[in-house]
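Examination of the molecular architecture
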Amino acid sequence: MNQDQQLFSPFTVGATTLPNRLVMAPMTRSRATNPEHVATDSVVEYYVQRASAGLIITEGSQVSEQGVGYINTPGIYSQEQVAAWKKVTDAVHAAGGRIFIQLWHVGRVSHPFFHNGELPVAPSAIKPEGAKAFTGKGMEEVPTPRALELSEIPGVVDQFRQAARNAKAAGFDGAEIHGANGYLLDQFLQDGSNQRTDEYGGSLENRSRFVLEVVQAVVDELGADRVGIRFSPQGSASIQDSDPVATFSYVTEQLNKFNLAYLHVIEALPGHPMAQPTRPAVAAKLHEIFNGAFILNGGYTQETAEEALANNEADLIAFGVPFIANPDLVERFEQGTALNTPDPSTFYVPGDKGYIDYPSLEKARQAAQDIEQD
């Protein structure tokens with residue numbers, strides 16, 4: 001197979017066969033503009049428009065009210081939310097697509113606004129420097145969180161277990177566990193945010209314990225071949241580890257015991273705004289260790305994605321912003337046509353503008369024909 005055909009070749013991820021290797025990355029869009037935190041009809045349309053992706057991974061969906069950290073994000077902990085997501089999965093499947101839900105608990109990256117005045121929770125009472133929460137009052141500084149009591153941790157694991165059960169009822173093909181971007185699982189893993197002295201802190205084994213218990217709970221409900229996990233081992237401004245290569249290599253080795261469908265790693269390409277040039281690259285090491293499908297994400301273009309696949313750096317490539325502006329990204333890549341320009345001012349605001357109104361090639365051509373006929 002030629003290099004330029006790699007992106008469009010089929011690939012099997014666990015129990016799911018994909019028609020191509022383009023993954024729609026999970027992206028918060030803040031369109032669940034209702035008190036119930038349910039997906040709306042516009043959310044259904046948004047995902048259906050992008051059903052040609054090899055795999056859609058939904059925006060992060062909180063596993064409980066405790067897991068909320070942003071306004072207008074959908075959950076997967078109530079029956080109303082399950083029913084709303086069922087409309088999404090039914091429509092995506094009818095359009096020939098495949099869709100996983102991302103299970104999310106933000107941990108300390110939250111605000112008392114979401115918790116009846118109570119502090120958000122974390123492995124340790126350490127404030128994420130510079131972090132802000134998007135609340136109903138705008139961007140507000142994240143406070144120092146409350147450390148979870150040892151007795152509370154099994155209950156948080158059960159939140160993920162119930163969310164996985166709900167995801168199955170909602171018709172998802174599988175679930176991605178959000179272990180990246182400085183949220184709760186990441187907070188337990190990285191020693192910059194976890195200073196516990198019990199069995200969930202200190203050693204690599206202890207700091208990985210919560211993550212592995214969550215994975216076990218989700219696997220119990222969905223089966224390992226329908227479960228993936230996402231990591232961002234280079235950290236960010238608000239979270240980091242003293243030895244990310246050792247930390248994430250260890251937890252990845254432990255994940256191999258489950259035979260998960262995939263590991264999704266965020267490591268931005270050099271020159272990308274999210275790149276961390278002062279921190280060690282980790283993705284290649286994790287790809288070497290992990291025994292399932294490997295997804296890379298981090299500012300890829302069609303060209304750099306093809307290079308990564310040809311060089312065996314990954315099995316699949318996840319695209320974020322390009323899928324926001326191009327519902328038919330797969331077709332545009334296949335045909336070599338220009339991409340729509342994204343409008344960042346509409347990424348996280350209510351309404352359909354910048355959400356479901358980006359033109360597909362078909363709609364653009366029809367509009368051009370209409371103009372000619374006029």
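The structure displayed is predicted, hence computed values, not measured ones. (Residues numbered from 1 in each chain as written. Predicted model: local features only at pLDDT ≥ 70, side-chain atom pairs only at ≥ 80, totals over all residues. Heavy atoms only, no water.)

What to know about the nonpolar core
- Judged by nonpolar contacts, the single largest core of 85 residues is most densely connected at Tyr47, Trp85, Leu103, Phe210 and Phe319.
- At nine residues, the largest contribution of residues to this core is made by helix H5 (residues 204-222).
- Grouped together as the second largest cluster of nonpolar side chains are 14 residues, Phe11, Val13, Ile57 and Phe100 included. (Core = buried A, V, L, I, M, F, W, Y, C linked by side-chain atoms within 4.5 Å. Buried < 20%, exposed > 50% of the residue type's maximum accessible area, 1.4 Å probe, protein only. Helix = DSSP H or I, 4+ residues; strand = E, 2+ residues; numbered from the N terminus.)

Describing the sheet that holds strand E12 (residues 262-266)
- Pairing is parallel around the closed barrel formed by eight strands, whose spatial order is E3-E4-E5-E10-E11-E12-E13-E14. Each adjacent strand pair in this sheet contributes to an overall mean axis angle of 25°, direction not counted.
- Sheet topology note: the strand E4 (residues 55-62)/strand E5 (residues 99-104) ladder contains five bridges and is parallel. Across the sheet, Gln62 pairs through a bridge with Trp104, a residue of E5.
- Strand contacts of helix H1 (residues 41-49): strand E3 (22-24), E4 and E5, with the helix running at about 150° to E4, the strand carrying the most contacts.
- Sheet contacts for helix H6 (residues 244-255): strand E11 (227-231) and E12; angle to E11, the most-contacted strand, approximately 180°. (Pairing = 2+ DSSP bridges. Axes fitted to C-alpha atoms, helices over the stretch in contact; angles between N-to-C directions. Contact = heavy atoms within 4.5 Å.)

With respect to the UniProt feature "domain: NADH:flavin oxidoreductase/NADH oxidase N-terminal" (unreviewed entry) in the chain
- Following the UniProt record, the feature "domain: NADH:flavin oxidoreductase/NADH oxidase N-terminal" (unreviewed entry) maps to residues 6-340 here.
- Strand forms 18% of residues 6-340 and helix 32%; the C-alpha atoms that close the span are 23 Å apart. (UniProt positions renumbered as here; feature names shortened; annotations may be inferred.)

Considerations on the environment of Gln81
- Mapped onto the fold, Gln81 is located in helix H2 (residues 79-94).
- The class of Gln81 is buried, set by a relative accessible area of 1%.
- Remark: the alpha-carbon pair of Gln81 and Thr40, spanning 41 residues in sequence, is separated by 9.8 Å.
- Setting aside anything within four residues of it in sequence, one finds Gln81 in contact with Glu36, His37, Val38, Gly75 and Ile76.
- Of the polar contacts made by the side chain of Gln81, one reaches the backbone nitrogen of Tyr77; its length is 2.6 Å. (Polar contact = N/O pair within 3.5 Å; in protein donor to acceptor, adjacent residues only side chain to side chain.)

A look at helix H8 (residues 302-310)
- Of the residues making up H8, those classed as buried are Ala305, Glu306, Ala308 and Leu309. The arc enclosing the buried residues of H8, seen along the axis, measures out at 160°, which places them on a common side.
- Of the residues trailing H8, Asn312 is marked for its positive phi of about 60°. (Arc of directions from axis to C-beta.)

Some details on the packing of aromatic side chains
- Under the counting rule described, the total for this entry stands at 14 aromatic pairs.
- For the ring pair Tyr47 and Trp85, a centre distance of 6.3 Å and an interplane angle of 50° mean the geometry is tilted. Taken together, the positions of Tyr47 in helix H1 and Trp85 in helix H2 put the pair 38 residues apart, joining distant regions of the chain. Here Tyr47 matches Trp85 in class, with each residue buried. (Phe/Tyr/Trp six-rings, centres within 6.5 Å; stacked < 30°, edge-to-face > 60°.)

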